[in-house]
Amino acid sequence: MVRSSEKVDILTTALVEQAPRSKRSKWTTLKLVTLFASLFAVAFLHDNFHYGKFLSAVSSGHGVAKLCPQSDTLYPKSHARLWKSLGRDFDEDAFTTRAVAWLGGAVRIPTESYDDMGPVGEDERWEAFEPFHDYLVRSFPLTHKSLTLIKVNTYGLLYEWKGSDNTLKPLLLAAHQDVVPVEPETVDQWEYPPYSGYYDGKFIWGRGSSDDKSGLIGILASIETLLEKEFKPARTIVLAFGFDEETSGLQGAQHLSDAMLQKYGQDSFALLVDEGSTYGDIGGSIIAIPGIAEKGYLDTRVKVSTSGGHSSVPPAHTSIGILSRLLVEYEANPIEPHLERGTPIYSTIQCVGQYGKNLPAHLRALVKTSVHSDRALRKLEAELIKDLTYSALIGTTQAIDLVQGGVKANALPEEAWAVINQRIATQSSVAVVQQRDTDVLKHLAKEFNLTYTAFGLAISAEDGPTAGTLTLTDAFSTALEPAPVTPFDEDSAPWQLLSGTIKATYNAHRGLNSEDNIFVSPGIMTGNTDTRYYWNLTRHIVRYNHQDGGNGHSLPNGIHTVNEHIPANNFVEMIRFFSTLILNADESREI
Ligand SMILES: *[C@@H]1O[C@H](CO)[C@@H](O)[C@H](O)[C@H]1NC(C)=O
Ligand SMILES: *[C@@H]1O[C@H](CO)[C@@H](O)[C@H](O)[C@H]1NC(C)=O
């Protein structure tokens, strides 16, 4: 999964650093008045301007909060005693020792998944998951006594903790067992061997310590602890642990999804929480950004075929020459990113604008006025897309990542192709991007006299003699629509429950009981998790497991590279988060 902790940092730096120095001067009252007056004048000219909303947006105080509405902190009530008792345990050193042992042991069993793996049953490398399963059974005895476990496609783990009230929709917690392979030539760059699970008194080291064995072991640790306290759920809890998230999810999550659809049905879960974004310091405030959307995906193969022959009597353009011209056309005409109201990234920006205390004033003002003023929206867009991260979060990206053609220095190439990797904006679709890919090359197909077929449709056939063919296809049949956006408004009870739980978890750790120590903002994932197979199980999918994205790391946290590690303290907080979530979901009759 494309990771989150880096993302928080980038979001912050991007917003804070890109402000021109000259505009950072303190504003005088006069300037403010002038600004508001001119904004008002500009805004008034637009159709979508609402005076009332404008006033509440610019006036200080309650109205402003509407830009990024916050839920109340949600503490377990009927389970208050149990929750407090758990909290005392989590604060003990003895619990940290236990948590470290649980996670360290899981890291010590390598469960690598590779891009070229064959199906389960054929490829022996999957057998690496057997000792991992044995480890889970040994380490979480009560869980394996009290929950039912079905193995799906041999290595997919589907647990059910049956609740007493079957009118309540179950809570689904997801994580993945597999890890990204360690490159053998990088082993000596690790501070501690990658499968050591070494604990240095502060950090647990090793591949999977963060992504995503912390999530998987965090969930099981929370359930084991709740069982030790004799908790009996009213609401059923289901756990789905895939085993090839880092490659495709085809063997794991796809099968798990079928099994769950069969057992529970469509739209059968109250809330699904999977790995994803983190919380951290964004522009001077602690903000959690649970992922409520994922970008879509399309690899377009552009293939040019021409007749071959000896290269001593060549035509003006070979298939490689033509392909090169087509690729230049692509890069000269990227899809422009457009910031649109109502999109997930716009909501993120609203929250950062609202609560990021260190944002340059002019950016903050743009964020706020962009709600009503199209002019401010365009200006904000222009500021944000200067930064590649924002640009990628806002729009559809493209990157020419593969190219091939020709077999011999003295033979004309009969075929040349390239693959363009495209990540589709949440408000766009596979069809829109395919249409754009098709259109951008149309005039060149004509110019080069090529018969043009795109995604199975005949686009143009030359009347005269054709010089060859141009074909666009979904290169690996991996096209993926942007994920449905999880409802996150004030009426969305699952989102409110999750937000309130994040706040309660954060406060409990620090002994705080006031509001507004951490803010919650909807976020968007540029990568995909196993949830891509789970859309039909619930509309309420959140990618978040309360990892601390900013603080406590000695180095970059090493996800997908060398020196992956997690602070033990943060891991305990993940366990507190899952426990609080389970208890809050158990009590709620709103979700
Ligand atoms: C395409 O065909 C036309 C008509 O046969 C010819 O004049 C032109 O040169 C061709 N274009 C290329 C790039 O070969
Ligand atoms: C959801 O269900 C529809 C209709 O059965 C199906 O076409 C689609 O592929 C499913 N989506 C996912 C992500 O499983």
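Residues numbered from 1 in each chain as written. Chains lettered and ligands numbered in written order. Predicted model: local features only at pLDDT ≥ 70, side-chain atom pairs only at ≥ 80, totals over all residues. Heavy atoms only, no water.

### Details of the overall build of the chain
Move 1: Broken down by element type, the chain carries 18 helices and 18 strands.
Move 2: By the burial criterion, 56% of the 591 residues in the chain qualify as buried.
Move 3: Here the contacts in the chain between residues at least 6 apart in sequence split such that 78% fall between residues at least 24 apart.
Move 4: Just so you have it, the chain exposes about 24900 Å², and 54% of that area is on carbon and sulfur atoms. (Helix = DSSP H or I, 4+ residues; strand = E, 2+ residues; numbered from the N terminus. Buried < 20%, exposed > 50% of the residue type's maximum accessible area, 1.4 Å probe, protein only. Contact = heavy atoms within 4.5 Å. Areas by Shrake-Rupley, 256 points an atom, 1.4 Å probe, with all protein chains shown as cover.)

### Comments concerning helix α7 (residues 129-139)
Move 1: Where α7 is concerned, the buried positions are Phe129, Phe132, His133, Tyr135, Leu136 and Ser139. Projected down its long axis, α7 carries its buried residues within an arc of 155°, all on one side. (Arc of directions from axis to C-beta.)

### Some details on the nonpolar core
Move 1: The biggest cluster of nonpolar side chains holds 66 residues, and the ones touching the most others in it are Leu136, Leu173, Ile217, Leu239 and Phe241.
Move 2: Ranked by residue count, the leading element in this core is helix α18 (residues 568-587), at 11 residues.
Move 3: Excluding anything up to four places from it in sequence, Leu136 contacts His144, Leu157, Tyr159, Leu216, Ile217 and Leu220.
Move 4: Formed by 20 residues, the second largest nonpolar core is a distinct cluster that contains Ala418, Leu441, Phe448 and Leu450. (Core = buried A, V, L, I, M, F, W, Y, C linked by side-chain atoms within 4.5 Å.)

### Regarding the packing of aromatic side chains
Move 1: Tallying each qualifying case throughout the model produces 20 aromatic pairs.
Move 2: A ring pair is formed by Phe95 and Trp102, whose centres lie 6.5 Å apart and whose planes are at 75°; its orientation type is edge-to-face.
Move 3: Aromatic ring contacts, followed pair by pair, group Phe90, Phe95, Trp102 and Phe140 into a single cluster.
Move 4: Positioned over the ring face of Trp417 is Arg301, at 4.4 Å from the centre of the ring.
Move 5: Sitting above the plane of the Tyr506 ring, Arg510 keeps its charged end 3.7 Å from the centroid. (Phe/Tyr/Trp six-rings, centres within 6.5 Å; stacked < 30°, edge-to-face > 60°. Lys NZ or Arg CZ within 6 Å of the ring centre and 35° of its normal.)

### Comments concerning the environment of Gln427
Move 1: The topology assignment puts Gln427 in the loop between β11 (415-424) and α16 (430-447).
Move 2: When the C-alpha positions of Gln427 and Pro484 are compared, they lie 9.7 Å apart, and in sequence the two are 57 residues distant.
Move 3: For Gln427, the residues in contact, after removing those within four places along its chain, are His338, Glu340, Thr343 and Ile394.
Move 4: Among the polar contacts listed, one links the side chain of Gln427 to the side chain of Thr426, at a separation of 3.2 Å. (Polar contact = N/O pair within 3.5 Å; in protein donor to acceptor, adjacent residues only side chain to side chain.)

### A word on the UniProt feature "active site" (unreviewed entry) in the chain
Move 1: When the UniProt feature table is mapped onto this chain, "active site" (unreviewed entry) is found at Asp178 and Glu245. With the annotated positions falling across 68 residues, the maximum pairwise C-alpha distance of 6.8 Å places them together in a single cluster. Within the annotated group just given, the residues that line the largest pocket are Glu245.
Move 2: Along the chain, Asp178 turns up in the loop between β3 (171-176) and β4 (203-205).
Move 3: According to the relative accessible area criterion, Asp178 is buried, its value standing at 0%.
Move 4: Those residues in contact with Asp178, other than ones at most four positions away along the chain, are Thr111, Ser113, Phe129, Asp211, Gly242, Phe243, Asp244, Glu245, Glu246 and Thr247.
Move 5: Within the structure, the side chain of Asp178 is placed 3.1 Å from the backbone nitrogen of Glu245, a separation counted as a polar contact.
Move 6: Position of Glu245 relative to the elements: it lies in the loop between β5 (237-242) and α10 (253-264). (UniProt positions renumbered as here; feature names shortened; annotations may be inferred. 1 Å grid on protein atoms, 1.4 Å probe; cavity = no way out; pocket = protein on both sides within 12 Å on 5 of 7 lines; lining within 4 Å.)

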